[in-house]
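So you can see what is in the structure, the chains are spelled out below.
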Amino acid sequence: MKITTKQITTTAVLLAICIASQFLKNLSVYITGPIINACLIIAVLSVGIGCGIILSVITPVTAFLIAGSPIMAAIPAIIPCVMIGNIVLVLGVGMIHKKMQGNGGLVAGMAIGSVLKALFMGVVIALILIPNLIPAAMEAKMTVFQTTFSVTQLVTALIGSAYAFVIWIPLKKVMAE
């Protein structure tokens, strides 16, 4: 696969938006999460699944380095699981939108990708990793951590999908010119 200058530039701009938003993570995951998910989706729609996957892998690392996370520090295996969850969203949007052209296919891809991401992260992180690997000092917050990596992921992916949809409608016209 040959990567073009447009793909590199667009991916870099979207990564910059993701990194800037990660400085707001300590305010609320409901700010940062939707922005990151929207950037992942816009990457897929504008420059392809490969670039969406690149962002899917980089953003959990930058999020951890910028904002930190006590649970991710305690259970580092969460980071690659977040990467995979993001990749599931990217693949869901990309593959379904490709099969079902138009806004209906886009909405279906976003919805299915969001649900699959949340299911993956909910099962692997919230139901397997956290209950089995959480340090005793953090057990009191286990329910919060489990919600963050399941229900919250669904909500932020759906909000990010809505942002991406609203942004993509005019953006696709500009990019076609």
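The structure presented is a predicted model; accordingly, all values stated were derived computationally and were not measured.

This part covers helix 3 (residues 49–67). Every α-helix carries 3.6 residues per turn, so stepping three or four residues along brings you back to the same face. With 19 residues, helix 3 should reach 27 Å at 1.5 Å per residue; the first-to-last C-alpha distance of 27 Å fits that figure. Most pronounced at Ile 58, the bend in helix 3 amounts to some 25°, and the proline Pro 60 follows within four residues. Of all the residues in helix 3, the buried ones are Cys 51, Gly 52, Leu 55, Ser 56, Thr 59, Pro 60, Thr 62, Ala 63 and Ala 67. Check the buried side of helix 3 and you find it contacts helix 1 (5–22), helix 2 (29–47) and helix 5 (78–99). Gly 68 sits one or two positions beyond helix 3 and adopts a positive phi of about 70°.

A word on the packing of helix 1 against helix 3. Close contact between helix 1 and helix 3 brings their axes to 10 Å; oriented N to C, the two are set at 30°. Looking at the two axes, helix 1 sits roughly parallel to helix 3. The handedness of the crossing between helix 1 and helix 3 comes out as right-handed. Touching Gln 7, Thr 11, Leu 14, Leu 15, Cys 18, Ile 19 and Gln 22 of helix 1 are Cys 51, Ile 54, Leu 55, Ile 58, Thr 59, Thr 62, Ala 63, Ile 66 and Ala 67, all from helix 3.

What follows covers the environment of Ala 63. Looking at the element boundaries, Ala 63 is found in helix 3. Judged by relative accessible area, which is 11%, Ala 63 ranks as buried. Between the C-alpha atoms of Ala 63 and Leu 24, which are 39 residues apart in sequence, the distance is 10 Å. Excluding residues within four positions of it along the chain, Ala 63 makes contact with Gln 22, Lys 25 and Gly 68.

For helix 6 (residues 102–133), built from 32 residues, the straight-helix expectation of 46 Å at 1.5 Å per residue is met to within 8% by its first-to-last C-alpha distance of 44 Å. Along helix 6, the sharpest change in direction is near 30° and occurs at Gly 122.

In this section: a nonpolar patch on the surface. Taken together, the side chains of Ile 112, Val 115, Leu 116 and Leu 119 present a nonpolar region at the surface, about 330 Å² in accessible area. Looking at the element boundaries, Leu 116 is found in helix 6. By relative accessible area, Leu 116 is classed as partly exposed at 40%.

On to the packing of helix 6 against helix 8 (residues 151–176). Taken N-terminus to C-terminus, the directions of helix 6 and helix 8 make an angle of 155°; their axes are 9 Å apart at the nearest point. Accordingly, the angle class assigned to the pair helix 6 and helix 8 is roughly antiparallel. Seen along the crossing, helix 6 lies across helix 8 with a hand that is right-handed. Each of Asn 103, Leu 106, Val 107, Met 110, Ala 111, Ser 114, Val 115, Lys 117, Ala 118 and Met 121 in helix 6 lies in contact with helix 8, whose residues at this interface are Gln 153, Leu 154, Ala 157, Leu 158, Ser 161, Ala 164, Phe 165, Trp 168, Ile 169 and Lys 172.

So, how was this worked out
Residues numbered from 1 in each chain as written. Predicted model: local features only at pLDDT ≥ 70, side-chain atom pairs only at ≥ 80, totals over all residues. Heavy atoms only, no water. Helix = DSSP H or I, 4+ residues; strand = E, 2+ residues; numbered from the N terminus. Expected span 1.5 Å × (residues − 1). Bend = angle between axes of the 7 residues up to and from the residue. Buried < 20%, exposed > 50% of the residue type's maximum accessible area, 1.4 Å probe, protein only. Contact = heavy atoms within 4.5 Å. Axes fitted to C-alpha atoms, helices over the stretch in contact; angles between N-to-C directions. Parallel < 35°, antiparallel > 145°, perpendicular 65-115°, else oblique. Left-handed = near helix turned anticlockwise from the far one by under 90°. Patch = residues over 30% accessible without salt bridge, like charges linked within 9 Å, V, L, I, M, F, W, Y side chains within 5 Å. Areas by Shrake-Rupley, 256 points an atom, 1.4 Å probe, with all protein chains shown as cover. Salt bridge = Lys/Arg side-chain N within 4 Å of Asp/Glu carboxyl O.

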